Amino acid sequence: MIIDGKALAKQKRAEMAQIVQELKAMGVTPGLAVVLVGEDPASEIYVRNKHKACEEVGIYSRVIKLPEDTKEEDLLKLIDELNQDSALDGILVQLPLPKQIDSDKVIERILPSKDVDGFHPVNAGKLLTGQTGFVSCTPLGILELIKSTGIDISGKEAVVIGRSNIVGKPVAHLLLQENATVTICHSKTKNLKEVCQRADILVAAIGKPQLITADYVKGGAVVIDVGINRLPDGKLVGDVAFETVKEKASYITPVPGGVGPMTITMLLANTLLSAKNRV
Ligand code: NDP
C-alpha cells in the first residue's frame, strides 16, 4: 500500500485548524516567525509554503526577509527581539545561512521554548534523554506516517540509513522511544544491503537517487523514503527505487507526496504545541 502523505497532511491540518479556533476563543492566537536571509530560490519557496500553511490553519505568520550580507550580530539581535515577542510561539531561521553567519550560534540563540524546528541542542538533548521538548519536523512526520499504517512498532527491527542531526539521528531516537530495535547506517556501514534486509521498518534518508533497490528490502517491510533528488532530466525521485520496491514492501511512501507534505504539517503542530504551553 502506498502511504499518502498528502492525504495525511490534509487530515492533520484540518484537525489543527479546529485547535487554532479553540485557542483563539481563549484569546490566544498561535504565532510563528520565519526568518529568511538572502535570496536562495529553494529557501524562498520553502518559506512561502510555510507562510501559506500557517494561514491555512489560522496561525499568525510573520516572514522576515534580510539581505544576503546581513551581519551575524544583527541576526542575533533580531532573534533576541523575537524571543521576547509575546505574539510569537515559534521562531524558525531558514537554513542554509550565508557563509558569514554561524548557523549553530543562531540556532542556539533561539529560546528552546520557541525552537519549533527542534534544532536547538537543548531540544535534541531532550529527545535523547526521553524528555518532552520539540522534535524536528521531518522525523516527527516520518513517525506519523509509520503510525498511520497501524503497525505495532514495538519490538520491530528498524533500520535508518543516514545519521544527520536533522533527519537520521532524531528518527532513530523516535523509533527507539517506540521500542523498536534500531540500527543506524551511514556511508561507512559495511554490508548495507544485508543490514537493510533485516528491517521491518526501513527509513532511507541518504540523498542518493534510488540507491535502495528491491534486493535491499525484506518482503512486507514498511519503507519510508525521505530523499529528495533531482535527476538530470528534471524528475524528482527519492532514495528508494519506488517502482520495484513497492512490489515487495507492505507500505511505502512515494516521492513526491510522502514525507515532504508532513514536514510543514509538523512545523504547524509544534507551533500549536508551543501556543498550548503558553496557555
Ligand atoms: P545529509 O547529507 O546530512 O545526510 C546523509 C546521510 O546519508 C549521511 O549520514 C551519510 O553518511 C549517509 N550516506 C550517504 N551516502 C551513503 C551511502 N552510499 N550508503 C549509506 N549511507 C550513506 O542529508 P539529510 O539527512 O539532510 O537529508 C537526507 C535526504 O533527505 C536528502 O535527500 C534531503 O534532501 C532529504 N530531506 C527531505 C526532507 C523532506 O521534508 N522530505 C527534509 C530533510 C531532508 P555519513 O554520515 O557517513 O556521511
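For the structure itself, look to the data block above.
Residues numbered from 1 in each chain as written. Predicted model: local features only at pLDDT ≥ 70, side-chain atom pairs only at ≥ 80, totals over all residues. Heavy atoms only, no water.

Asks: What should I look at first to understand the overall build of the protein chain in this one?
Replies: Assigned secondary structure in the protein chain consists of ten helices and ten strands. Scaling as 2.2 N^0.38, a compact globule of 279 residues should have a C-alpha radius of gyration of about 19 Å, and the protein chain matches this with 19 Å. Reported as C-alpha extents along the three principal axes, the dimensions of the protein chain are approximately 50 × 40 × 40 Å. Within the protein chain, the fraction of its 279 residues that count as buried is 47%. (Helix = DSSP H or I, 4+ residues; strand = E, 2+ residues; numbered from the N terminus. Rg over C-alpha atoms; globule rule 2.2 N^0.38 Å. Buried < 20%, exposed > 50% of the residue type's maximum accessible area, 1.4 Å probe, protein only.)

Asks: How should I be thinking about the site of the ligand in this particular structure?
Replies: Taken together, the neighbourhood of the ligand is formed by 22 residues, with R163, S164, S187, I228 and T263 sitting nearest. Between the ligand and the protein, one listed contact pairs an oxygen atom with a backbone N or O atom of V226 at 3.4 Å. In this structure, an oxygen atom belonging to the ligand sits 2.8 Å away from a side-chain N or O atom of T263. Taken by itself the ligand offers 920 Å² of open surface, and the protein chains cover 69% of this. Here the shell around the ligand takes three residues from helix α10 (residues 259-278), the largest share from any one element. Among the residues making up the shell around the ligand, the classes are represented as ten nonpolar, ten polar and two charged. (Near = heavy atom within 4 Å. Polar contact = N/O pair within 3.5 Å; in protein donor to acceptor, adjacent residues only side chain to side chain. Areas by Shrake-Rupley, 256 points an atom, 1.4 Å probe, with all protein chains shown as cover. Nonpolar A, V, L, I, M, F, W, Y, C, P; charged D, E, K, R; others polar.)

Asks: What exactly am I supposed to notice about the sheet that holds strand β2 (residues 60-66) here?
Replies: Within a sheet, neighbouring strands are paired by backbone hydrogen bonds and run either parallel or antiparallel to one another. With parallel pairing, three strands are arranged side by side in an open sheet as β2-β1-β3. Both edges of this open sheet fall to β2 and β3 (90-93), since each of them pairs with a single strand only. Neighbour to neighbour, the strand axes of the sheet diverge by 15 degrees on average, direction disregarded. Alignment of strand β1 (residues 31-37) against β2, held across seven bridges, turns out to be parallel. Pairing of V37 across the sheet is with L66, part of β2. (Pairing = 2+ DSSP bridges. Axes fitted to C-alpha atoms, helices over the stretch in contact; angles between N-to-C directions.)

Asks: Help me understand the nonpolar core, please; the structure alone is not making it clear to me.
Replies: Proteins that are soluble and globular tend to have nonpolar side chains buried together. Formed by 48 residues in total, the largest nonpolar core has its most connected members in I59, I142, I146, L175, V203 and I224. For this core, the element with the highest residue contribution is α10, accounting for eight residues. In this structure, L192, V217, V240 and I252 belong to the second largest nonpolar core, which totals 19 residues. (Core = buried A, V, L, I, M, F, W, Y, C linked by side-chain atoms within 4.5 Å.)

Asks: What am I meant to see in the sheet that holds strand β4 (residues 157-161) here?
Replies: If you walk across this open sheet you meet the five strands as β5-β4-β6-β7-β10, and the pairing is parallel. Taken across any chain shown, the strands that pair with only one partner, and hence form the sheet edges, are β5 (181-185) and β10 (251-252). Along the sheet, helix α7 (residues 168-177) makes contact with β4, β5 and β6 (201-204), crossing β4 at roughly 170 degrees. (Contact = heavy atoms within 4.5 Å.)

Asks: Looking at this model, I keep getting lost on the environment of E108. Mind explaining?
Replies: Within the fold, E108 resides in helix α4 (residues 103-109). In the structure, E108 is positioned 77 residues away from C185 in sequence and 28 Å away in space, judged by C-alpha atoms. In contact with E108, other than residues within four places in its own chain, are H120 and P121.

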